[in-house]
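# Breakdown of the fold
Here is how the chains run, residue by residue.
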Amino acid sequence: MPPMPETLTLDRLEKRFGTAPPAVAALSLTVGAGEMLGLLGPSGCGKTTVLRMIAGLAAATSGRILVGGRDITRQPAHGRGMGLVFQNYALFPHMSAAANIAFGLQMRRLSARDIRDRTRRALDLVRLGPLAERRPKQLSGGQQQRVALARALVIEPNVLLLDEPLSNLDATLRADMLAEIRDLQRRLGITAVFVTHDQSEALAVCDRIAVLRGGRLEQVGTPREIHDRPASRFVAGFVGRVNQLPAHRAADGSLSVHGHALPGDSADGRAGTVQLLVRPHHIRLDAPATAVPDGDRLRVGGVLRDRIFLGDRTTLTVMVGPTPVSVEWQGSDPPAALAPGDPVALSWRRTDMSVFPEDDPP
Amino acid sequence: MPYPTTHWAGRLGFGLLVAVLAAYLLAPVILVFPMSLSADTALSWPPSGWSLRWYAALASDRGMVEALRNSLLLGAVVTAVCLLIAVPAAVALVRGRLAPLALLLTLPLLLPSIVLGLGLLIVFVRFGLVGSWPGLVAAHLLVTLPYALRVLETALRALPPGVEEAAASLGARPLAVTLRVTLPLAAPGIAAAAILVFLVSFDEVVITLFVAGPHLTTLPVALYHHVESRTDPLAAAVSALLVLVTLVSVLALERLVGLRRAVGGGGS
Amino acid sequence: MNADEAAEALPRLALASLILPALAVTLLTFLWPLLRLAGYAFHEGAPGGAIGADWTLVTWAKVLGDGWHHRLVLNSLALAATVTALTLAAAYPLALAVHRSPPRWRNTLVIVFVSPLLLSAVVRSYGWLPILGDQGVVPGLLRSAGIEPPPLLFNGTGVVVGLVEILMPYAILSLLAGFGRVAGDLEDAAASLGAPPFTVFRRVILPLSAPGILLGGLLTFVLTVGSFVTPKLLGGGRVPLIATEIHDQAIVTLDWPVAAVLSLVTLLLFGVLLGAYGRVIRRVEEAIG
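Per chain, residue numbering runs from 1 following the sequence as it is written. Each chain gets a letter, beginning with A, and each ligand a number, beginning with 1, in the order they are written. For a predicted model such as this one, the threshold for reporting local features is a pLDDT of at least 70, and the threshold for listing and counting side-chain atom pairs is 80 or more; totals across whole chains, interfaces and linings nevertheless cover every residue. Side-chain numbers come from the whole structure's heavy atoms, not from hydrogens or water.

## A word on the interface of chain A and chain B
Here is the rule we go by: We call two residues contacting when some pair of their heavy atoms lies within 4.5 Å. The term buried area refers to how much accessible surface (probe radius 1.4 Å) is lost by two components on association, counted for both of them together. Basic side-chain nitrogens of Lys or Arg form a salt bridge, by our definition, when they fall within 4 Å of a carboxyl oxygen of Asp or Glu. We define a polar contact as two N or O atoms separated by no more than 3.5 Å, with the added condition that, inside protein, one atom must be a possible hydrogen donor and the other a possible acceptor, whereas residues neighbouring each other in sequence contribute only through side-chain atom pairs. Secondary structure elements are defined from DSSP: runs of H or I of at least 4 residues count as helices, runs of E of at least 2 residues count as strands, and each element is numbered from the N terminus. Polar here means any residue outside two lists: the nonpolar Ala, Val, Leu, Ile, Met, Phe, Trp, Tyr, Cys and Pro, and the charged Asp, Glu, Lys and Arg; Gly therefore counts as polar.
With 21 residues of chain A at the contact, the number on the chain B side is 19 residues. Summed over both sides, the interface of chain A with chain B buries roughly 1,700 Å², with 66% coming from carbon and sulfur. Seen at the junction of chain A and chain B, the total is 1 salt bridge. With a closest N to O distance of 2.7 Å, glutamate 165 of chain B and arginine 52 of chain A form a salt bridge. The tally of links from chain A across to chain B stands at 6 residue pairs in polar contact (both at pLDDT 80 or more). Here the side of chain A that touches chain B gets 4 residues from one element, more than from any other, and that element is helix 2 (residues 97–107) of chain A. Looking at the side of chain A that touches chain B, its residues break down into 13 nonpolar, 5 polar and 3 charged.

Here it is in structure tokens:
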């Protein structure tokens, strides 16, 4: 339906409110044509401000915004041709679903016939044909969400902007809508920016993710890169669950964790206290006797504290010295013989572990 | 919430007190209705008989009829002009950081009308505006504008968040946003402001007393002069009329936005 | 939405042009007349509503040196104090009753008790004539009880009775706003701790509603000082006040400089009251947290 997708480029984009530290600082990013980029970060990290600047609802203090190479930084919101889906949907309460969708087409002064046809197609696209004449109040949360999506898509936007679009839906609906948004975006081949504070949403639907923190870009990469090779303790802690083990690094690069010596990862880090970050599902748990030595794996000993059965998996908490480490046991039951208080051996692959200096703030 | 007293005597006492005070508050308003149906020539209670003679007298009193006509016309003109001025101003107050201006615009509500009336008289005399339509409209704008702004500001601030931005993102220019989204959604508030403005104008007496003239007066001012000189039930008939207009307006206000929101926490 | 972001939605020029008509009205019908009025206070009155050409303090000296005007100010303050005390006493039980009424009745009660506020003061003052007048309801009741009624109208009594009734809705609104912080469970909590009803009222409800009482008191006081219609109609010319004097000087005597000085004195009184209110309310808010 839409014309050729276009790239969106943010060039040293900055936003300041008064004399406070910048809400968004020197942000440079490129969203490829037809790509879905996630803007991920905790509340107050500036991600919504970035989206509002892209949409033209907030003015950039400095920097440029380019669509397909054209500088649109000074263009008013109504001239940008972007589709925006709001967190609370912001549907016009005094208009029917169809009228909401037709609004943007009317603003473009299309013929009545075109407006009718395209509105109808957009309604069908989000499977709301029978509810066209309902007011937003008469629609469920998921249906309102789909009207908002159709309203943003029907204008064939050059960029689709989604601001926490799922945060007002309950958990089951959220998964369905996530799949639906992803499917529509792919089918239409539209360039999109997806703002969210929920890392699982970002991991699930985005081609690439930009993690923001305090208005600055912390890391940008594919979901797998962000998840498996976090650039900082902050990213590691924010994306997915992670264990943090305090360790000491010697001058030769070798590590020790509560008396367990680990061969060094590399010799480039400084000596001192460091944090080892390992994700729960990367840790293997064995009874000490059955543990098979494996040169590729790092190994520490601990004591099982408790186990929580979660249906498809079991989470076990193991004390390594004073530090609790959670281990995820996928699939079938872990050895039933293991009881709280039993000694266990934990191991993980060297490549599954990240080491950050203590002064890298979490 | 139950009254926490466990003693029935206490409850009864409180209930009686409330009933007496409510009667005190409402008696003068309610009593004008039976009084207006009195057959007597003086105000006495109970009337010696009932009749519609004072309504007939009112209908044939050319001064009162003309004053009523003036009041209705003035109320309509003031309502229209006031909204034309207040709606854009309220939009500006809501969209911009204009707190000092907002204070200035509501200040007339805080000062005694008698002082405002004198000030207007002093200025109007120089320009021959006393007893003229433009003078009356200007004086009533002074009184009604703060009320209109307060109701409209509340209404505009209560708009669902984001809809105006959504319209802009869909390609609507500022004028289209205002006409297609902002104003339709603020319609109940605008209607409430219109009713309140009409009512305030229709009932205004102190300032009008200063700027009305012998040939152009309003119903409350005519009533004031009448009551000042005579005490007959004709005034009761006029009062009953004013009470009815107010009552209808109050009910309409309540339907539209809720009375408490319309009149706010105080101020006169 | 952040205010900074909101301001960006409309350029300054557009904002200015939207608010300009309202500012013009306020300027022409409020600020300018007020300044002219202040100017008149510093001139001498001449016959027929004219004023002398020179700037002078003669009028101030005339007004402030005249015992009659002192009496007017004192009368107004005494009347305002009386009316304020009685209005609060009369409005408090009604406001409490509204606050405690079941939610489905509350709105109706608010309408009934507050809507008289939108009625013309002339009508509401007039309504007392058939009640307090010589042939009216109250004297009739007193006579049937064998009591010879004292004159209730065209004196201070009539003015107080009328003003209290007229100002009650304002006090009720203020008190209701103040009751907002008296949550029902606070009363229940006090009762469950063994406090008898009147103690609950004295120790919990009354202190927490103090801000509402203060606001209602300020409003009632200020409105009484500025009131003019009721003292005229129910006082029958026997209750001289600063507001009625302003009217008479402006309309009957046509001495506008004197009326202007009296107006400025009234505004000064208002300023003092507002300042005092600001100080007291801050203390009260601090005390009740």
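Text resumes after the structure shown.
## Some points on the sheet that holds strand 10 (residues 216–221) of chain A
Residues and elements named next belong to chain A. Convention followed: By this definition, two strands are paired if DSSP reports at least two bridges between them. Axis angles are defined between N-to-C directions and span 0 to 180 degrees, where every axis is a line fitted to C-alpha atoms and, for a helix, only to the segment in contact.
The mixed open sheet is built from 6 strands, whose spatial order is 6-7-8-3-9-10. The outermost strands of the open sheet, each flanked by one partner alone, are strand 6 (83–85) and strand 10. The mean inter-strand angle of the sheet, taken between neighbouring strand axes irrespective of direction, is 15°. Contacts from helix 1 (residues 47–55) reach strand 3 (36–40), strand 6, strand 7 (159–163), strand 8 (191–196) and strand 9 (208–213), with the element oriented near 150° to strand 7.

## Here's the deal with helix 11 (residues 234–256) of chain B
This is how it is decided: Any helix carries an expected span of 1.5 Å times its number of residues minus one.
Taking 1.5 Å per residue, 23 residues should reach 33 Å; helix 11 of chain B reaches 34 Å between its end C-alpha atoms and fits that length. The first or second residue beyond helix 11 of chain B is glycine 258 of chain B, which carries a positive phi of 90°.

## Some points on the confidence of the model for chain B
All names here are of chain B. Quick reminder of the rule: pLDDT: the predictor's confidence for each residue, scored from 0 to 100.
On average, chain B scores 87 in pLDDT, and the residues at 70 or more come to 94%. Low pLDDT, under 50, characterises residues 1–5; the stretch is placed with 13 contacts to residues that sit more than four places away or in other chains. Of the two predicted TM-score estimates for the complex, the pTM is 0.80 and the ipTM is 0.86.

## Here's the deal with unusual backbone geometry
Look at glutamate 164 of chain A: it is not a glycine, yet its phi comes out positive at around 45°. Here glutamate 164 of chain A shows up in the loop between strand 7 and helix 5 (171–188). The phi dihedral of phenylalanine 154 of chain C is positive, around 60°, even though this residue is not glycine. Here phenylalanine 154 of chain C shows up in the loop between helix 8 (137–144) and helix 9 (156–179).

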